[in-house]
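In case you want the letters, here they are:
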Amino acid sequence: MKSTDFIVARHNLQDCKFIEARLPDANALADETLLIKVDRFAFTANNITYAALGDQLKYWQLFPAPENFGIIPVWGFGEVIASRHPSIETGERLFGYFPMATHLVIEAADVSKRGLRDAAAHRQGVAPVYNAYARVGGDPAYVGRGGDYQALLRPLFMLSFLVDDFLAENDFFGAARVLLSSASSKTAFGLAHLLHTQRPSIRVTGLTSAANVEFVRSLGCYDEIVTYDRVTSLPPDSPVAFVDMAGNSELRANLHRHFGEQMRYSGQIGLTHRSLLTNEPELPGARPTWFFAPDQMRKRAKEWGPGGIEQRFGAAWSDFAPTLAGRLAVVEGRGLAAVKSVYLDTHNGHIRPDQGHILSLWD
Ligand SMILES: NC(=O)c1ccc[n+]([C@@H]2O[C@H](COP(=O)([O-])OP(=O)(O)OC[C@H]3O[C@@H](n4cnc5c(N)ncnc54)[C@H](OP(=O)(O)O)[C@@H]3O)[C@@H](O)[C@H]2O)c1
């Protein structure tokens, strides 16, 4: 039996192709092992960032590929098509981290009513969230379009939630204005939604490219929108906190020089623009630091106790999810040509911000 895998050259992401990879026969699976059909998954700039940081953050090790190539991880749904685990039946639906492929073999461990873990040796040593699968068969929130929005936004919204929590916990570092770069991205607008709905004293400023201003305005959660070429028009005399999804050294330098000591927090989250200098100069204001989500999660897990994060995150998601259908159209692409085309368009920054792509290698 074979799986079709979409692989990209690790050091030239434009170079990509499909290959066939051997799978064990369904009737020759090892004990506790599941054969999964990767059914559908979301694809956004976040997945390109996984590829850009594949070596550094070990994303390439999750789904092995031929030398110098990698399989990009994606969030989505799979169906168990063969099972050697006594508690898991064929037909069961899982939500989690999958390869861009037609199939995945999982070594099921820690199986509970709600989920399981892939215990494959090559997948260890990464954050536990990347090896966890939720059993979502009976959950209406994961069906149809609702399921597509979960795949597109839920993992990103966890980051939005943690950054909002971190900023609030630190009294926004004395700032009354938060600047978000790549304001049109899903991760940024999730954060803008939280700030807008829960932090009335905070002014939320979206920084974006000229082409995306109208979309950012339509989201209704930014108090003001400024294009990248106009950031020095912002008033420089009051404290600001900067949450950077773009990863653009020139933009960061402009902002730090413009705000000087009023730049009270400068957090690096994303790399949508992938324009970071290897040696950035010293900048005035707060030192730019990477926001490391697992740190904030560990801290809150300890302080809030078992289920504390899930309960608060669940409440925030329940408020956010109903707004999505009015903000983002789901576009489905099926088959190899569609997958390759959306991948390349996302890599090259040609995706409309008002669309969320759900893909499948299956026609
Ligand atoms: N650290 C973490 O744990 C974590 C968690 C979640 C997300 N993130 C990061 O947050 C970022 C946003 O992810 P997302 O999935 O939310 O993004 P998305 O919705 O796909 O973002 C699309 C937007 O990103 C900008 N963009 C995308 N590709 C570009 C390109 N090639 N050139 C220039 N601009 C481009 C454009 O925004 P503008 O025109 O507005 O700039 C575009 O509208 C990613 O880098 C992701 O990895 C990090």
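This one's a predicted model, so the numbers in the text were calculated from it and none came from an experiment. (Residues numbered from 1 in each chain as written. Predicted model: local features only at pLDDT ≥ 70, side-chain atom pairs only at ≥ 80, totals over all residues.)

Topic: the overall build of the protein
Using the following cut-off: Labels follow the DSSP assignment, with helices taken as runs of H or I lasting at least four residues and strands as runs of E lasting at least two, numbered in each case from the N terminus. Radius of gyration here is computed from C-alpha atoms only, and the compact-globule reference equals 2.2 Å multiplied by the residue count raised to the power 0.38. Any residue whose C-beta has 12 or fewer other C-beta atoms within 10 Å is treated as exposed, any with 20 or more as buried, and any in between as partly exposed, C-beta atoms being built from the backbone. Each residue is represented by a C-beta atom placed from its backbone, and any two residues with such atoms within 7 Å are regarded as in contact.
Scanning the protein for helices and strands turns up eight helices and 17 strands. In terms of C-alpha radius of gyration, the protein reaches 21 Å, essentially the compact-globule figure of 21 Å for 363 residues. The C-alpha extent of the protein, read off along each of the three principal axes, is 70 × 45 × 35 Å. Within the protein, the fraction of its 363 residues that count as buried is 40%. When contacts within the protein are restricted to residue pairs at least 6 apart in sequence, those whose partners lie at least 24 apart make up 69%.

Let's talk about the pairing of strand β13 (residues 240-244)
Put simply, the rule is: Pairing between strands is defined by DSSP: at least two bridges between them are needed.
Within β13, five of the five residues are buried, which leaves it mostly tucked inside the rest of the structure. Burial along β13 is two-sided: the residues V240, F242 and D244 and A241 and V243 are all buried. Pairing between strand β10 (residues 177-180) and β13: four bridges, direction parallel. By the bridge assignment, L179 is partnered in β13 with F242. Where β13 lies against strand β14 (residues 263-268), five bridges are found, and the strand directions are parallel. Counted as the bridge partner of F242 is S266 from β14.

Digging into the sheet that holds strand β4 (residues 69-70)
Short version of the rule: Axis definition: a line fit to C-alpha positions, over the contact stretch in the case of helices; interaxial angles, taken between N-to-C directions, run 0 to 180 degrees.
If you trace the three strands from one edge of the open sheet to the other, you get β2-β1-β4, paired in antiparallel fashion. Only two strands of the sheet have a single partner each, and these edge strands are β2 (12-22) and β4. In terms of strand pairing, strand β1 (residues 2-9) meets β2 through eight bridges, oriented antiparallel. In the strand pairing of β2, I7 is matched with K17. Packed onto the sheet, helix α8 (residues 336-347) meets β1 and β2 and runs at close to 155° relative to β2.

Describing the site of the ligand
Convention followed: Any residue whose backbone-placed C-beta atom lies within 6 Å of a molecule or strand is treated as near that molecule or strand. All amino acids are sorted into three groups, where Ala, Val, Leu, Ile, Met, Phe, Trp, Tyr, Cys and Pro are nonpolar, Asp, Glu, Lys and Arg are charged, and the leftover types, Gly among them, are polar. Just so you know, the domain bounds were taken from an automatic or database domain assignment.
Contacts to the ligand come from 26 residues, most closely from T44, T49, S185, G270 and G349. Of all the elements in the fold, those that place two or more residues in the shell around the ligand are α1 (45-52), α2 (144-169) and α3 (186-198). If you tally residues by element for the shell around the ligand, the top one is α1, at three residues. The class makeup of the residues in the shell around the ligand is 10 nonpolar, 15 polar and one charged. When residues of the shell around the ligand are assigned to domains, at least three fall in each of domain 1 (2-142 + 329-360) and domain 2 (156-296).

Topic: the environment of A183
Topologically, A183 is positioned in the loop between β10 and α3. For A183, a count of 30 C-beta atoms within 10 Å corresponds to the buried category. As for A183 and R114, which are separated by 69 residues in sequence, their C-alpha atoms are 34 Å apart. Apart from the residues lying within four places of it in its own chain, the contact partners of A183 are A188, F189, A192, G206, L207, T208, V216, Y222 and I225.

Observations concerning the domain arrangement of the protein
One can read the domain layout of the protein as domain 1 (2-142 + 329-360) and domain 2 (156-296). For domain 1 and domain 2, the distance between their C-alpha centroids amounts to 30 Å. Contacts between domain 1 and domain 2 engage eight residues on the former and 12 residues on the latter. Of the residues belonging to the side of domain 1 that touches domain 2, the class tally is four nonpolar, three polar and one charged.

Points about helix α5 (residues 249-259)
Put simply, the test is: Think of it as the arc spanned by the lines of direction from the helix axis to the C-beta atoms.
Among the residues making up α5, those that are buried are L251, R252, L255, H256 and F259. Considered in projection along α5, the buried side chains sweep an arc of 125° and stay on one side of the axis. Where α5 is buried, its residues contact β10, β13 and β14.

Some words on the environment of G326
Note on placement: G326 falls in the loop between α7 (308-320) and β16 (329-334). Using a count of 10 C-beta atoms within 10 Å as the deciding quantity, one classes G326 as exposed. Each C-alpha atom, one on G326 and one on D354, is 9.7 Å from the other, the two residues being 28 residues apart in sequence.

Observations regarding helix α6 (residues 293-304)
Worth spelling out the cut-off: By this rule, a helix spans an expected 1.5 Å times one less than how many residues it contains.
With 12 residues, α6 extends 16 Å between its outermost C-alpha atoms, agreeing within 8% with the 16 Å of an ideal straight helix rising 1.5 Å per residue. Two residues or fewer past α6, G305 is found with a positive phi of approximately 80°.

Topic: the nonpolar core
We count it as follows: Joining buried Ala, Val, Leu, Ile, Met, Phe, Trp, Tyr and Cys residues through C-beta atoms within 7 Å gives a set, and that set is a nonpolar core.
If you look at the biggest cluster of nonpolar residues, it comprises 90 residues, and the most contacted ones within it are F41, V178, L180, A183, A192 and A241. For this core, the element with the most residues is α2, which contributes 11 residues. Three or more residues apiece are contributed to this core by two domains, here domain 1 (2-142 + 329-360) and domain 2 (156-296). Excluding residues within four positions of it along the chain, A192 makes contact with L180, A183, V204, G206, L219, C221 and Y222.

Quick look at the sheet that holds β14
In space, the six strands of this open sheet follow the order β12-β11-β10-β13-β14-β15, with parallel pairing throughout. Strand pairing shows two members of the sheet lacking a second neighbour, β12 (224-227) and β15 (289-290), which therefore form its edges. Bridge analysis of β14 against β15 gives two bridges, and the strand direction is parallel. Paired with G267 across the strands is T289, a residue of β15. Sheet strands touched by α5: β10, β13 and β14. Its angle to β14, the strand with the most contacts, is close to 170°.

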